[in-house]
Amino acid sequence: PEDTVTGSFASFISAARPEHLSQTVRQRSKRMILDSLGVGLVGSTTRVFDIALRYCRELYSSVAVSSVYGKPGVKLSPTLAAFTNGVATHSMDFDDTWHPATHPSGAVLPALLAASQMLPPNTKPNGLEFLLAFNVGLEVQGRLMHFSTEAHDIPKRFHPPSVVGTLGSAAATAKLLSLSSAQCCHALGIAASLAGAPMANAATQAKPLHVGNATRLGLEAALLAARGMEANPLILDDIPGCSGFSAFYSVYQPKPLPAPGQHHQFLLEKQDIAFKRFPAHLGMHWVVDAALSVRNLFINHAGSFSPSLIRSILLKIPVSKYINRPFPSSEHQARHSFQFNACAALLDGEVGLGSFSESSIQRQELRELLDKVVVEHPEDNVANFDKMYGEVALLLHTGDVLTGKCDTFYGHWRKPLSKESLLKKFRSNASHVLPEEKIEAIIALVDNLENLSDSSQL
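Since the model is a prediction, treat every value here as computed from it, not as a measurement.

1. Details of the overall build of the protein chain
Then comes step 1: Looking only at helices and strands, one finds 17 helices and six strands in the protein chain.
Then comes step 2: On C-alpha atoms alone, the protein chain measures out to a radius of gyration of 22 Å, which is about the 23 Å that the 2.2 N^0.38 rule sets for 458 residues.
Then comes step 3: By its C-alpha atoms, the protein chain is 70 × 50 × 40 Å across when sized along the principal axes.
Then comes step 4: When burial is assessed residue by residue, the protein chain has 60% of its 458 residues classed as buried.

2. Some thoughts on the domain arrangement of the protein chain
A common way to express how large an interface is: the accessible area buried when the components associate.
Then comes step 1: Each assigned domain of the protein chain is listed with its residue range as follows: domain 1 (5-277 + 416-457) and domain 2 (282-406).
Then comes step 2: Look at where the C-alpha atoms of domain 1 and domain 2 centre, and you get two points 33 Å apart.
Then comes step 3: The interface of domain 1 with domain 2 comprises 22 residues on the first partner and 18 residues on the second.
Then comes step 4: On the domain 1 side of the interface with domain 2, the three residues burying the most area are I154, A203 and R277, jointly 37% of the side's total.
Then comes step 5: Here domain 1 is connected to domain 2 by one salt bridge.
Then comes step 6: Scanning the region where domain 1 abuts domain 2 turns up six residue pairs in polar contact (both at pLDDT 80 or more).
Then comes step 7: Its residues assigned to classes, the side of domain 1 that touches domain 2 shows 10 nonpolar, seven polar and five charged.

3. Quick word on the packing of aromatic side chains
Then comes step 1: Overall, the coordinates contain 12 aromatic pairs when judged by the stated rule.
Then comes step 2: With a centroid separation of 5.8 Å and 80 degrees between ring planes, the pair formed by F147 and Y252 is classed as edge-to-face. Of this pair, F147 sits in the loop between α6 (127-145) and α7 (160-176) while Y252 sits in the loop between α9 (207-226) and α10 (267-270), placing them 105 residues apart in sequence. Of the two residues examined, F147 and Y252, each falls in the buried class.
Then comes step 3: Measuring from centroid to centroid gives 6.0 Å for F245 and Y252, while their planes differ by 50 degrees, and the two rings are tilted.
Then comes step 4: Taken together, F9, F147, F158, F245, F248, Y249 and Y252 form an aromatic cluster joined through their ring pairs.
Then comes step 5: The ring of F305 has R295 lying over it, and the distance from NZ or CZ to the ring centre is 5.2 Å.

4. Here's the deal with the pairing of strand β3 (residues 310-316)
A regular strand carries its side chains on alternate faces of the sheet.
Then comes step 1: In terms of burial, β3 is a largely internal element, five of the seven residues being buried.
Then comes step 2: Note: β3 against strand β5 (residues 390-396), six bridges, orientation antiparallel. By the bridge assignment for β5, I313 is matched with L394.
Then comes step 3: Two elements, β3 and strand β4 (residues 373-376), share four bridges in a ladder whose sense is parallel. Pairing of I313 across the sheet is with V373, part of β4.

5. Quick notes on the state of the cysteines
By definition, a disulfide is the covalent link that joins the sulfur atoms of two cysteine residues.
Then comes step 1: Taken as a whole, this structure holds zero disulfides when the rule is applied.
Then comes step 2: There is no disulfide at C242, and the cysteine sulfur nearest it, in C185, is 14 Å away.
Then comes step 3: In this structure C242 comes out as partly exposed when scored by relative accessible area, which is 48%.
Then comes step 4: You can see C343 has no disulfide; the closest cysteine sulfur is in C406, sitting 17 Å from it.

6. Considering the pattern of salt bridges
Should the charged atoms of two oppositely charged side chains come close, the side chains can pair.
Then comes step 1: Inspection of the entire model under this criterion finds 15 salt bridges.
Then comes step 2: Beyond isolated ion pairs, a larger network of salt bridges with shared partners links R28, R31 and D272.

7. Structural notes on the sheet that holds strand β6 (residues 401-406)
Then comes step 1: What the four strands build is an open sheet, ordered β4-β3-β5-β6; its pairing is mixed. On the outer flanks of this sheet lie β4 and β6, each paired with one strand and no other. Between one strand axis and the next, the sheet turns by 20 degrees as a mean value, whatever way the strands run.
Then comes step 2: Relative to β6, β5 runs antiparallel, the two being bridged by six bridges. Looking across to β6, one finds that V392 is bridged to G404.
Then comes step 3: Contacts from helix α11 (residues 284-302) reach β3, β5 and β6, with the element oriented near 145 degrees to β6.
Then comes step 4: Packed onto the sheet, helix α13 (residues 338-348) meets β3, β4 and β5 and runs at close to 130 degrees relative to β3.

8. Here we look at helix α4 (residues 78-90)
Then comes step 1: With 13 residues, α4 should reach 18 Å at 1.5 Å per residue; the first-to-last C-alpha distance of 19 Å fits that figure.
Then comes step 2: In terms of burial, α4 is largely enclosed, as 13 of its 13 residues are buried.

9. Overview of the UniProt feature "domain: MmgE/PrpD C-terminal" (unreviewed entry) in the protein chain
Then comes step 1: Mapped onto the present numbering, the UniProt feature "domain: MmgE/PrpD C-terminal" (unreviewed entry) falls at residues 278-450.
Then comes step 2: Annotation note: span residues 278-450, helix share 40%, strand share 14%, distance between end C-alpha atoms 30 Å.

10. A few points about unusual backbone geometry
Then comes step 1: With an omega of -5 degrees, the peptide bond running from H99 to P100 counts as cis.
Then comes step 2: Summarising the element assignment, P100 is placed in the loop between α4 and α5 (109-118).
Then comes step 3: For D93, which is not glycine, the phi dihedral falls at a positive 55 degrees.
Then comes step 4: Mapped onto the fold, D93 is located in the loop between α4 and α5.
Then comes step 5: Phi angles above zero are rare outside glycine, and A203 is one such case at about 65 degrees.
Then comes step 6: Summarising the element assignment, A203 is placed in the loop between α8 (181-192) and α9.
Then comes step 7: With relative accessibility at 4%, the residue A203 sits in the buried group.

11. Notes on the nonpolar core
Then comes step 1: Within the largest apolar cluster, 98 residues are counted, with the highest numbers of intra-cluster contacts made by L236 and F245.
Then comes step 2: Sorting elements by how many residues they give to this core places α6 first, with 10 residues.
Then comes step 3: With sequence-adjacent residues up to four places away left out, F245 is seen in contact with L144, V163, V164, L167, I235, L236 and Y252.
Then comes step 4: With 49 residues, the next largest nonpolar core counts I154, I310, L347 and F385 among its residues.

Calculation rules
Every chain begins its residue count from 1, and numbering advances along the sequence as written. With the structure being a predicted model, the display of local features is reserved for residues of pLDDT at least 70 and the display and counting of side-chain atom pairs for 80 or more, all residues being used for whole-chain, interface and lining totals. Each side-chain value is derived from all of the structure's non-hydrogen atoms; neither hydrogens nor water enter the calculation. Secondary structure follows DSSP: runs of H or I at least 4 residues long count as helices, runs of E at least 2 residues long count as strands, and numbering of each begins at the N terminus. With C-alpha atoms as the basis for the radius of gyration, the globule rule is written as 2.2 Å multiplied by the number of residues raised to the power 0.38. Per-residue accessibility, obtained with a 1.4 Å probe over protein chains only, is compared with the maximum for each type, and a residue is labelled buried under 20%, exposed over 50%, and partly exposed between these values. What marks off one domain from the next here is an automatic or database domain assignment. Whether two residues touch is decided by their heavy atoms; if any such pair falls within 4.5 Å, the residues are in contact. The term buried area denotes the loss of accessible surface (1.4 Å probe radius) that occurs when two parts are joined, taken as the sum for both partners. For this analysis, a salt bridge means a side-chain nitrogen from Lys or Arg found within 4 Å of a carboxyl oxygen belonging to Asp or Glu. Between N or O atoms, a polar contact is any pair within 3.5 Å; within protein, one atom must be a potential hydrogen donor and the other a potential acceptor, and residues adjacent in sequence are included only when both atoms are from side chains. The residue classification treats Ala, Val, Leu, Ile, Met, Phe, Trp, Tyr, Cys and Pro as nonpolar and Asp, Glu, Lys and Arg as charged. All others, Gly included, are polar. Centre distance within 6.5 Å is the pairing criterion for rings of Phe, Tyr and Trp, where only the six-membered ring of Trp is used; planes under 30 degrees apart are then read as stacked, over 60 as edge-to-face, and the remainder as tilted. Remark: a charge is flagged as sitting over a ring if the NZ atom of Lys or the CZ atom of Arg is within 6 Å of the ring centre and within 35 degrees of the ring normal. A strand pair is defined by DSSP finding two or more bridges across the two strands. By definition, disulfides here are pairs of cysteine sulfur atoms that lie within 2.5 Å. Orientation is described by lines fitted to C-alpha atoms, with helices fitted over the stretch in contact, and by angles between N-to-C directions that extend from 0 to 180 degrees. Expected span of a helix, by definition, is 1.5 Å for each gap between consecutive residues, and there is one gap fewer than residues. UniProt positions are given in the numbering used here, feature names are shortened, and annotations may be inferred rather than shown by experiment. Take the buried Ala, Val, Leu, Ile, Met, Phe, Trp, Tyr and Cys residues and link them wherever side-chain atoms come within 4.5 Å; each set so joined is a nonpolar core.

Given below as structure tokens:
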């Protein structure tokens, strides 16, 4: 029934139209698409991507129609292309982040790209239809996360894109395929049975699989619903004694999704997205900006950066076990280490792609800095991406104390990247696998996405 929460979501997916997207929503979502393409392209150079691609090419055979990031001439079945490109997008933890916490684009965009190539020539969606489907996938993710106060904090139990991202992918694909309201409802229900991944696999090569599976399984859920598979039509409702989507949250208070139109405002209209300047967990961006600030103070104080003058390094960070890693030993651990990112920023004056190479991680001078780190968890520094801060204090042998603090890093939704910064990031990422003319062609395609007659050109 349409008066249920699940029914309202299904009706929204089915009824959404391009004219419901404001200019702000269109522009913000196109920025997300461009950034996600860039991090997916540079992610196609990683070892975890190579493992995932080899797995798909060796173990599965099917009609290969969908493209793979960074691999000209390589095509896979739509679901495997979505999976592989999703892995690429999150392989460096370089993809966008929203609040409550999730990685929204990587769970949706690869599914839409794969599906657009799958459809017959006379039914391929145009760019505006593609953009609408993308925003439907974002909206479903955002609304689901707002159903629980637990979702507002840095996650502890499960990785959010593996849950809300799977349903977002299903919703987006259902919209692209023009499924009926009833089919959209079943797609959400099927996706809920395919969702979930534990946080214990953070900082390992398995974590990128969470986004790869989210986009793939959401696509599969929509394809199954399109072929007549049914699921619980109350999957998003709070039914006492029988958990649906509430199985993922200890506190769950769902609300119907208003119909698109005059009285509905997309969440992307209200809150922008965080784009990362370097490939690491979002929490690292606070401590890096704080570390760079105090590094400048140190140079002004001493004339140059000399680690031997530092007695100890005090980090004031929120409590979050999986990103509190004193001595990371791998690139994925380093991307999830407050201590490593603060010390790398202090030592090098920047954090970038090269910061997470094995040679960089194992540097003796970096290890010596890590030995000096002391961690504190102030009560006012909560594990919440909207409220947390990072503070780095250098206690010198002279007795002087220098302090840098960041409560909103550059790239946060409160302090978004400029168009120039976003384009610079995309060009840098894409240049690892594409020539300049193709990079500029992608920029032009995304910028004029509403006017694209065939979205599979992406």
